[in-house]
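Overview (structure and organization)
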Amino acid sequence: MFELTDDSEFVTRCLTSPAVWRMGSDDSAIGINPGLFFARKNNSDIWLKAGEYGVFIGRPINCISLDVHVALLPSARGGAVDISKDAIKWIFKNTQYMHMTASIPEYNRLAIKLAGKSGMEFIGMNKGSFMKNGKLHNQYLFGIQKEDVCHQ
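Numbers given for residues are sequential positions, taken from 1 along each chain in its written order. Confidence filtering applies because this is a predicted model: local features only for residues at pLDDT of at least 70, side-chain atom pairs given and counted only at 80 or more, and all residues used for totals across whole chains, interfaces and linings. Here the side-chain values reflect all heavy atoms present in the structure, with hydrogen atoms and water set aside.

1. Side note on unusual backbone geometry
Of note in the backbone geometry, N133 takes a positive phi value of approximately 55 degrees without being a glycine. Topologically, N133 is positioned in the loop between strand 6 (121-132) and strand 7 (135-145). Per the convention used, a helix needs a DSSP run of H or I reaching at least four residues, while a strand needs a run of E reaching at least two, with both numbered from the N terminus.

What follows is the structure, given as structure tokens:
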């Protein structure tokens, strides 16, 4: 089900899905037409395709830590927790990363719930660090370690 991908069209489709775009974009996307947006992969990024359910985007923080962004399509409803748990396991088993974090704007209650149910722990808050519709929002920081998932 999971595979590393360079498929920009699929990643773009996931990121510009109305539910994902609405909840995940900040004010830097004001004036950008989602229909004209195209995802570009940085050399060090990981794009993990979860079948046709969506994509997990990992941006390295350092050689063992990965900042993860999740873009699941509506087809993942009802299975998002299991898909996310399995994606976390896949990343830990198939890459060098030993720690993952996710920063989630406080208003994105579904993403906060998904992070917790996927095994991530709340580890802190970054106050006033996300601008949406001209308003500053806090971001909740969640994290998970390989040893908590893969019981080595």
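2. Description of the pattern of salt bridges
In what follows, salt bridge is the name for a side-chain nitrogen of Lys or Arg lying within 4 Å of a carboxyl oxygen of Asp or Glu. Summed over the entire model, instances satisfying the criterion amount to four salt bridges. Residue D6 pairs with K41 through a salt bridge whose shortest N-O separation is 2.6 Å. Placement of the pair is D6 in the loop between strand 1 (2-4) and helix 1 (8-15) and K41 in the loop between helix 2 (18-24) and strand 2 (46-50), with a sequence separation of 35 residues. Buried, partly exposed and exposed residues are distinguished by accessible area as a fraction of the type maximum, computed with a 1.4 Å probe on protein chains only: under 20%, between the cut-offs, and over 50%, respectively. The exposure class assigned to D6 is exposed, which follows from its relative accessible area of 59%.

3. So, the side chain of S65
In this fold, S65 is placed in strand 4 (residues 65-72). Not counting residues within four places of it along the chain, the set of residues in contact with S65 comprises R59, P60, Y97 and H99. When checking whether two residues touch, look at their non-hydrogen atoms; a contact exists if any pair is within 4.5 Å.

4. Side note on the pairing of strand 4
Across the eight residues of strand 4, six count as buried, placing the element largely inside the fold. The pairing criterion is simple: DSSP has to find at least two bridges between the two strands. Pairing of strand 3 (residues 54-60) with strand 4 involves seven bridges; the strand directions are antiparallel. Bridge pairing links G54 to L72 in strand 4. With antiparallel pairing between neighbouring strands as the criterion, strand 3 and strand 4 make up a hairpin whose turn holds four residues. Where strand 4 lies against strand 5 (residues 99-105), three bridges are found, and the strand directions are parallel. Across the sheet, the residue bridging to S65 is H99, located in strand 5. Handedness of a crossover is defined as follows: with both strands directed away from the viewer, a clockwise route from the first strand across the helix to the second makes it right-handed. As a crossover connection, the stretch from strand 4 through helix 3 (residues 80-94) into strand 5 is right-handed.

5. Some points on the nonpolar core
Buried residues of nine kinds, namely Ala, Val, Leu, Ile, Met, Phe, Trp, Tyr and Cys, make up a nonpolar core once their side-chain atoms join them within 4.5 Å. Counting residues in hydrophobic clusters, the biggest one holds 27 residues, and the most contacted among them are F56, M100 and M120. Listing elements by their share of this core, those giving two or more residues are strand 2, strand 4, helix 3, strand 5, helix 4 (109-117), strand 7 and helix 5 (146-150). No other element matches the five residues that helix 3 contributes to this core. When residues no more than four places from it in sequence are discounted, the contact partners of F56 are I46, W47, L48, A50, V68, H69, V70, L72, I83, S84 and A87. Counting residues in each nonpolar core, the second largest holds 10 residues, with V11, W47, V55 and I57 among its members.

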